[in-house]
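A look at the structure
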Amino acid sequence: MSFTLPIGEKAPYFKHLATDGKEYSLSDFKQPILVLFFTCNHCPYVIGSDEITRQTALKFRDKGVEFVAINSNSSNTYPEDSYQNMVKRMEVEQFPWIYLHDKNQSSAEIYGALKTPHFYIFDDKRELVYTGRGVDSPKDSSKITHNDLDDTLQSLTEKGRVSTSITNPIGCCIKWEGKPSHWKPDAACDLIPLNKQSI
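Considering the sheet that holds strand β4 (residues 65-71)
Taken together, the seven strands give an open sheet; going across it, the order is β2-β1-β5-β4-β3-β7-β8, and neighbouring strands pair in mixed fashion. Each edge of the open sheet is held by one strand with a lone partner, namely β2 (23-25) and β8 (128-132). Direction aside, neighbouring strands of the sheet carry axes that sit 30° apart on average. Across four bridges, β4 lies against strand β5 (residues 98-101) in parallel orientation. Residue Ile70 lies in a different strand from β5, and its bridge partner there is Leu100. Those strands touched by helix α2 (residues 83-93) are β1 (15-18), β4 and β5, and its axis lies near 170° from that of β5.

Written as structure tokens, this is what we have:
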């Protein structure tokens, strides 16, 4: 995990413009548990699992859990992921989370986002307790057998701890400015070697 924020680390500061026209920083989110996830407008893994993520966000909303989405994709690399298209998508979908635009990709770098979607869960001390996938089949929700996001939040809200802290995110690569659409930094790799990952 030389690239991605390690378990136990504090949530790095950010301040980004949201689709509602306001700027938000880390300190604006007050609930005990913060789910921060990197997403975008176009990715089929995002589109295929957004409704599952919506259900999870609504399920835990009254249990002290807040969801915040960040789009770090370069609109020059992938025009569909522009801020204007973020606004349009939220107007249509009305997702139950704040949707932030990481225009200069600073949060993608400091958090070490690998895919869209890539989930990070922070506890009441804003220490990272989970990083990885939301579900095991984000592109096709009919094939989901594990909802890691739901399971982790269930354990955290009921027991104050999680049983699994790291999984490999499943999705499209972050679209980095000035790079081909499938490029990723050399240090960005699977969080768990594929031959050791439990499904």
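A few points about the pairing of β5
Each regular strand carries side chains that alternate between the two faces of the sheet. Direction of pairing for β1 relative to β5: antiparallel, over a ladder of two bridges. Following the sheet pairing, Leu17 is matched in β5 by His101. As a crossover connection, the stretch from β4 through α2 into β5 is right-handed.

Looking at the packing of aromatic side chains
Enumeration over the complete set of coordinates arrives at 12 aromatic pairs. Geometrically, the ring pair formed by Phe37 and Trp97 is edge-to-face, given 5.1 Å between the ring centres and 90° between the ring planes. With Phe37 in strand β3 (residues 33-39) and Trp97 in the loop between α2 and β5, this pair connects stretches of sequence that are 60 residues apart. Residues Phe37 and Trp97 agree in their burial class; the two are buried. Seen in terms of ring centroids, Phe38 and Tyr111 are 5.9 Å apart; in terms of plane orientation they differ by 55°. Their pairing is tilted. In this pair, Phe38 is assigned in strand β3 and Tyr111 in helix α3 (residues 106-111), connecting sequence segments 73 residues apart. Look at Phe38 and you get buried, because its relative accessible area is 1%.

Conventions adopted
Residues numbered from 1 in each chain as written. Predicted model: local features only at pLDDT ≥ 70, side-chain atom pairs only at ≥ 80, totals over all residues. Heavy atoms only, no water. Pairing = 2+ DSSP bridges. Helix = DSSP H or I, 4+ residues; strand = E, 2+ residues; numbered from the N terminus. Axes fitted to C-alpha atoms, helices over the stretch in contact; angles between N-to-C directions. Contact = heavy atoms within 4.5 Å. Right-handed = clockwise from strand over helix to strand, strands pointing away. Phe/Tyr/Trp six-rings, centres within 6.5 Å; stacked < 30°, edge-to-face > 60°. Buried < 20%, exposed > 50% of the residue type's maximum accessible area, 1.4 Å probe, protein only.

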